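# Remarks on the overall topology
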Amino acid sequence: MKRPIILKGKRVALGPLMKDDLDRCWRWINDKQVTQYLVGFFRVYTREMEEDWIDRALRAKEDLLFAILLLPDLQHIGNVGLHKINWVNRNAELGIIIGEKEYWNQGLGTEATILALDYAFNIMGLKSVYLRVMEYNKRAIRCYEKVGFKHVGRLRSHIFRGGRWWDVLIMDILNEEFNEKHPSAVKAMNLDIFESA
Ligand SMILES: CC(C)(COP(=O)(O)OP(=O)(O)OC[C@H]1O[C@@H](n2cnc3c(N)ncnc32)[C@H](O)[C@@H]1OP(=O)(O)O)[C@@H](O)C(=O)NCCC(=O)NCCS
């Protein structure tokens, strides 16, 4: 089935996750080269567990998951999600994974994060998006800094991994900071509602 595009950048687009993506996501989540960088995951996942996680995340009001699709062929290279969405205080936690490692360091994670934030701030109307990142994940930290996330905190000795304790950094970005820094693909959309407004 052809996958619809939700938001399009220059080199990547965001679309919905689809059933056929499960095996790919399952491969990524059991790849230690990938999971060593994740705050929330470090264990063996069965296919059923991954299926449950995706099913729940796709249904829950507190989660919004996107597939990261490489243009122009829409190859699925990763996922980006807004989690723990708080609809009263209008904040959420961002998570991202480019599972196909050959695409790391090409600016694609930065672009996908900007698209997800555009959706969060200009479609969902969120006020703030935050994230947690392992202190040693220099690539991700640099990517988030480029996007405009600010360092706002540090959870000391928060995660035990590889035989020692590591700090976790907290970063966040506000709606107005994002919109000052980035042109919005959402606002550039040619929709009738914008014309009649
Ligand atoms: C984190 C991730 C989404 C970033 O996406 P990406 O496409 O690889 O990142 P980008 O190319 O957009 O940006 C990475 C930046 O970090 C820089 N970088 C890479 N390795 C670095 C290092 N060891 N130290 C400092 N900077 C580094 C790159 O040079 C680039 O900066 P530049 O554009 O100024 O040169 C992706 O690498 C990924 O999914 N990694 C595995 C899972 C993960 O870490 N998820 C995030 C968990 S919080």
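Scope of this entry: the structure provided in the associated data block. In this text, all values refer to a predicted model and were calculated from it rather than measured experimentally. Just so you know, the residues in each chain are numbered from 1, in the order the chain's sequence is written. In keeping with the predicted nature of the model, local features appear solely for residues at pLDDT of at least 70, side-chain atom pairs appear and are counted solely at 80 or more, and the whole-chain, interface and lining totals rest on all residues.

## Describing the packing of helix H4 (residues 108–122) against helix H5 (residues 138–147)
Here an axis means a line fitted to C-alpha atoms, over the contact stretch when the element is a helix, while the angle between two N-to-C directions is reported on a 0 to 180 degree scale. For helices the rule is a DSSP run of H or I covering at least 4 residues; for strands it is a run of E covering at least 2, with both sets numbered from the N terminus onward. For the pair H4 and H5, interaxial distance at closest approach is 9 Å and the crossing angle is 50°. Considered as vectors, H4 and H5 are oriented oblique to each other. Considering the relative orientation of H4 and H5, their crossing is right-handed. Contact residues: H4 offers Gly-109, Thr-110, Thr-113, Ile-114 and Leu-117, while H5 offers Cys-143, Lys-146 and Val-147. Classifying every residue of the contact of H4 with H5 gives four nonpolar, three polar and one charged. Should an angle fall under 35 degrees it is called roughly parallel, over 145 degrees roughly antiparallel, and 65 to 115 degrees roughly perpendicular, with every other angle called oblique. In this scheme, a crossing is called left-handed if the near helix is turned counterclockwise away from the far one by less than a right angle; it is called right-handed if the turn is clockwise. A pair of residues counts as a contact when their C-beta atoms, built from backbone coordinates, are separated by no more than 7 Å. Lys, Arg, Asp and Glu make up the charged group, whereas Ala, Val, Leu, Ile, Met, Phe, Trp, Tyr, Cys and Pro make up the nonpolar group; the residues left over, Gly among them, are polar.

## Let's talk about the site of the ligand
Around the ligand sit 22 residues in total, of which Tyr-37, Gly-109, Thr-110, Lys-138 and Arg-142 are the nearest. Those elements that provide at least two residues to the shell around the ligand are strand S5 (91–98), H4 and H5. Counting residues per element, the shell around the ligand draws most heavily on H5, which supplies five residues. In terms of residue class, the shell around the ligand is built from 12 nonpolar, seven polar and three charged. Using a C-beta atom placed from the backbone, a residue is described as near a molecule or strand when that atom lies within 6 Å of it.

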